Amino acid sequence: MSRPLARHHSLMMRQPCEVTARGGGWHPGGDITAPGAAPRGDVRAPGLTTPRPPPAAAMAAPPDPALQRERQRAADIIRLLTLYRPLLDAYVIDFFAEGLWARLPPPWQAALATAAPPQLATLLGGRGSPGATWPLSLLAFAAAARALAFPRGCSGGTPRPPCQSARLHPLLRRHVKPKKQHEIRRLGKLLRRLSQATGCDRVVDVGAGQGHLSRFLAFGLGLSVTAVEGDGRLAGTAERFDRELLRELGKRGVPGNESRRTPPRRPPCPLTPRAPRHVAGRLDPGAPWGEFLLPPDPPGPGPAARNPLGGAGGCEAGERVLVTGLHACGDLSPALLRHFARSPAVAAVASVACCYMKLSTLPQPPGCPPGYPLSAWVAGLPGHELSYRAREAACHALEEYAGRLDGESGCLRAHCYRAVLETLIRAADPSKKRPGVQTVKKAHALSFPQYARLGLPRVGLDPATVPLDSEAVGAMLEQQHKVVAFFSLTLLLAPLVETLILLDRLLYLRERGFQCALVPLFDPRFSPRNLVLVAARTPLGAVLSGLDEDSSEDEDTGTAEPPGEGQSPPAPGAGREPQ
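## A look at the overall build of the chain
Item 1. Tallying secondary structure elements over the chain gives 19 helices and eleven strands in all.
Item 2. Across the 579 residues of the chain, 53% fall into the buried class.
Item 3. Looking at the chain as shown, the accessible area adds up to about 24400 Å², and 54% of this sits on carbon and sulfur atoms.

What follows is the structure, encoded as structure tokens:
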């Protein structure tokens with residue numbers, strides 16, 4: 001076969017993929033294990049040679065077993081991504097324009113063409129698929145992808161949208177969506193445990209946005225917080241929210257902070273009237289820690305500070321600090337890790353990444369290190385390169401899409417609409433390939449002609465000159481189920497790409513001797529970028545065991561809870577309010 005994925009399918013049928021996975025894996029001989037347990041992640045992708053080792057400098061010291069496992073996992077992921085790179089780099093909007101369906105192996109086409117959306121959802125989740133018969137090579141592909149991806153910690157039970165957090169002080173819920181409430185509480189508790197383990201009560205929140213996390217850390221947990229934000233307008237908004245909260249504390253009376261009609265079950269702990277300090281500036285990854293800021297963009301109302309921490313070594317009076325970034329975009333997360341690695345004043349870092357497509361990659365100008373790869377090990381592995389499309393795919397919410405498939409949501413037609421529109425755009429103007437079409441609100445509720453009449457002008461085309469009701473358009477729209485199935489296959493690889501990027505960062509820190517771990521801190525059904533990279537100069541055992549204790553609390557599920565430290569009891573119905 002000449003088609004790329006068809007060749008890979010043929011290769012897999014000649015040399016079965018060897019997967020050892022406790023979570024529904026494919027083993028030589030055709031056995032399928034029972035799903036449910038976490039994967040071990042020992043995968044041997046067929047037909048690929050073992051990657052050459054990276055430079056000797058990266059292997060000077062004998063690696064510990066954990067480092068060996070992480071290196072092996074990175075090598076296995078790259079082998080699997082290399083095998084399925086045509087699928088990894090495919091844009092679903094090219095489905096009709098470039099004939100993507102025909103590139104799949106024929107047995108995959110036959111099975112996927114008749115699969116209902118709920119059956120695709122079970123394929124994504126590794127559960128049994130009643131009524132579905134999948135080719136063994138497709139099962140091997142799906143099992144290998146699941147086995148190698150980091151566990152994302154999705155708890156059982158009925159999914160529901162995040163609620164107003166009953167364990168977050170009402171004043172700290174203002175201007176904060178329930179999803180963000182869930183995130184700042186979880187990350188805040190992690191940072192409090194890091195503070196206790198390191199003896200540091202100073203936190204630098206980089207990429208602080210409107211200051212929701214900083215506000216919780218300062219007012220709710222009593223930490224000394226410096227919030228750094230590159231957009232001067234957002235920094236100004238954060239300061240305004242702080243002033244609002246301080247005024248409310250003054251009205252309620254800080255010592256009791258209990259202006260309620262109904263007495264609480266027990267007196268609440270008051271918030272601390274200690275606002276975070278806000279600094280407008282962008283992180284300079286090449287500057288020393290004490291001078292790490294560039295001017296904000298756009299500028300804020302006040303002057304930009306170049307050194308928010310002061311003092312030699314980057315902190316006031318020689319004190320150490322904790323650094324965090326909640327969904328630090330693109331190269332910001334790698335920059336935080338680089339600053340931690342070379343700055344003894346930074347005792348620990350907790351980084352939650354996002355926007356992987358914005359990462360810089362090689363080649364880079366002299367003196368500008370890339371955002372990926374960071375580690376010597378991954379940089380030395382052949383095939384480690386990740387295209388823009390692959391990094392963009394890593395940002396998709398697999399759990400959310402699986403929910404849409406399970407419920408056969410009408411939103412599923414949006415990808416088919418965009419793929420048909422892409423075909424019409426190229427036919428009208430061959431010079432336009434994947435032009436940016438802004439999101440059409442509620443596209444799934446529109447007919448295709450209605451959708452196209454909104455989308456075509458955004459790329460400079462007159463809808464009156466484009467046939468929208470032709471037989472060819474109708475034939476493409478009838479293939480929506482194939483578009484959905486193809487996109488589902490690409491999503492199977494998305495967690496693998498994210499795992500490789502985060503594993504590269506973990507290895508970068510391990511190569512420098514730091515204690516580090518990746519923790520699924522948030523519920524991935526609500527917060528897709530839920531893995532936090534934690535690193536410290538001291539052992540993390542007590543911190544991580546404490547997180548297990550924290551996660552056992554029943555929070556943000558609509559259940560009334562007794563107040564915790566620094567929170568007031570929930571207002572009536574607060575735990576039941578949907579997003």
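## Side note on the nonpolar core
Soluble globular proteins: nonpolar side chains tend toward being buried together.
Item 1. Counting 112 residues, the largest nonpolar core has Leu81, Leu112, Trp134, Phe141, Leu489, Leu496 and Leu509 as its most contacted members.
Item 2. Among the elements that make up this core, the one with the highest residue count is helix H18 (residues 480-511) (20 residues).
Item 3. Once you skip the residues sitting within four places of it in the chain, Leu112 turns out to touch Trp101, Leu104, Leu120, Trp134, Leu138, Ala485 and Leu489.
Item 4. Judged by nonpolar contacts, the second largest core, of 37 residues, contains Leu191, Phe216, Leu245 and Val519.

## Notes on H18
Item 1. Compared with an ideal rise of 1.5 Å per residue, which puts 32 residues at 46 Å, H18 spans 47 Å between its outermost C-alpha atoms and is within 8% of the ideal.
Item 2. Counting buried positions along H18 yields 27 of 32 residues, so the element is predominantly enclosed.
Item 3. One or two steps after H18, the chain reaches Gly513, where phi turns positive at roughly 85°.

## What to know about the pairing of strand S3 (residues 202-206)
Item 1. Among the five residues of S3, five are classified as buried, and the element is accordingly described as predominantly covered.
Item 2. Neither face of S3 is left uncovered, since the one carrying Arg202, Val204 and Val206 and the one carrying Val203 and Asp205 both have all their residues buried.
Item 3. As paired elements, S3 and strand S4 (residues 224-229) share five bridges and run parallel to each other. Following the sheet pairing, Arg202 is matched in S4 by Ser224.
Item 4. One crossover worth recording links S3 to the parallel S4 by way of helix H9 (residues 212-220), and it is right-handed.
Item 5. The pairing of S3 with strand S8 (residues 321-329) spans three bridges and is classified as parallel. Looking at the pairing, Val203 lines up with Leu322 of S8.

## Description of the pattern of salt bridges
Item 1. Inspection of every chain in the model, using the stated rule, returns 25 salt bridges.
Item 2. As a salt-bridge pair, Arg240 and Glu244 come within 3.4 Å of each other at their nearest N and O atoms. Placement of both Arg240 and Glu244 in helix H10 (residues 232-252) is noted, with a separation of four residues, approximately one turn of the helix.
Item 3. Judged by relative accessible area, Arg240 falls into the partly exposed class, the value being 38%.
Item 4. A salt bridge links Asp523 to Arg525, with the nearest nitrogen and oxygen atoms 2.7 Å apart.
Item 5. Looking at Asp523, the relative accessible area reads 10%, which means it is buried.
Item 6. Among the ionic contacts, a cluster of salt bridges with common partners joins Asp94, Glu98, Arg103, Arg418, Glu422, Arg426, Lys433 and Arg434.

## Digging into the sheet that holds strand S11 (residues 531-536)
The pairing of strands in a sheet comes from backbone hydrogen bonds and takes either a parallel or an antiparallel form.
Item 1. The seven strands lie next to each other as S5-S4-S3-S8-S9-S11-S10, forming an open sheet whose pairing is mixed. Each having just a single partner strand, strand S5 (277-280) and strand S10 (515-520) make up the two edges of the open sheet. This sheet shows a mean twist of 15° between the axes of neighbouring strands, independent of strand direction.
Item 2. Relative to strand S9 (residues 346-354), S8 is paired through eight bridges, and the arrangement is parallel. Paired with Leu326 across the strands is Val352, a residue of S9.
Item 3. Against the sheet, helix H8 (residues 178-198) contacts S8, S9 and S11, and its axis sits at roughly 155° relative to S8.
Item 4. Along the sheet, H9 contacts S3, S4 and S8; its crossing angle with S4, the most-contacted strand, is approximately 170°.

## Regarding the packing of helix H11 (residues 332-342) against H18
Item 1. Contact geometry of H11 with H18 gives a least axis separation of 11 Å together with a crossing angle of 10°. Judged by the inter-axis angle, H11 sits roughly parallel to H18. Where H11 approaches H18, its residues Ser333, Pro334, Leu337, Arg338, Phe340 and Ala341 are matched on the opposing element by Arg505, Tyr508 and Leu509.
Item 2. Considering only residue class, the contact of H11 with H18 consists of six nonpolar, one polar and two charged.

## As for the pairing of S4
Item 1. The element S4 is extensively covered by neighbouring structure, given that six of its six residues are classed as buried.
Item 2. Every second residue of S4 is oriented toward a common face, with Ser224, Thr226 and Val228 on one face and Val225, Ala227 and Glu229 on the other, all of them buried.

## A few points about the environment of Asp406
Item 1. Looking at where Asp406 falls in the secondary structure, it is placed in helix H14 (residues 398-406).
Item 2. Note on Asp406: relative accessible area 44%, which makes it partly exposed.
Item 3. In this structure the C-alpha to C-alpha distance between Asp406 and Thr122, which are 284 residues apart in sequence, comes to 8.1 Å.
Item 4. Apart from residues lying up to four places away in sequence, Asp406 is in contact with Pro118, Ala121 and Arg127.

## Things to note about unusual backbone geometry
Item 1. With an omega of 0°, the peptide bond between Leu362 and Pro363 qualifies as cis.
Item 2. Backbone torsion omega between Tyr372 and Pro373 reads -5°, so that peptide bond is classified as cis.
Item 3. Summarising the element assignment, Pro373 is placed in the loop between S9 and helix H12 (376-379).
Item 4. A positive phi angle, close to 55°, is found at His327, a residue other than glycine.
Item 5. Its location among the elements puts His327 in strand S8.
Item 6. Non-glycine residue Arg434 carries a positive phi angle of around 50°.
Item 7. Along the chain, Arg434 falls in the loop between helix H15 (413-428) and helix H16 (448-455).

Procedures and definitions
Residues numbered from 1 in each chain as written. Predicted model: local features only at pLDDT ≥ 70, side-chain atom pairs only at ≥ 80, totals over all residues. Heavy atoms only, no water. Helix = DSSP H or I, 4+ residues; strand = E, 2+ residues; numbered from the N terminus. Buried < 20%, exposed > 50% of the residue type's maximum accessible area, 1.4 Å probe, protein only. Areas by Shrake-Rupley, 256 points an atom, 1.4 Å probe, with all protein chains shown as cover. Core = buried A, V, L, I, M, F, W, Y, C linked by side-chain atoms within 4.5 Å. Contact = heavy atoms within 4.5 Å. Expected span 1.5 Å × (residues − 1). Pairing = 2+ DSSP bridges. Right-handed = clockwise from strand over helix to strand, strands pointing away. Salt bridge = Lys/Arg side-chain N within 4 Å of Asp/Glu carboxyl O. Axes fitted to C-alpha atoms, helices over the stretch in contact; angles between N-to-C directions. Parallel < 35°, antiparallel > 145°, perpendicular 65-115°, else oblique. Nonpolar A, V, L, I, M, F, W, Y, C, P; charged D, E, K, R; others polar.

Purely geometric stuff here, so don't read any function into it on its own.
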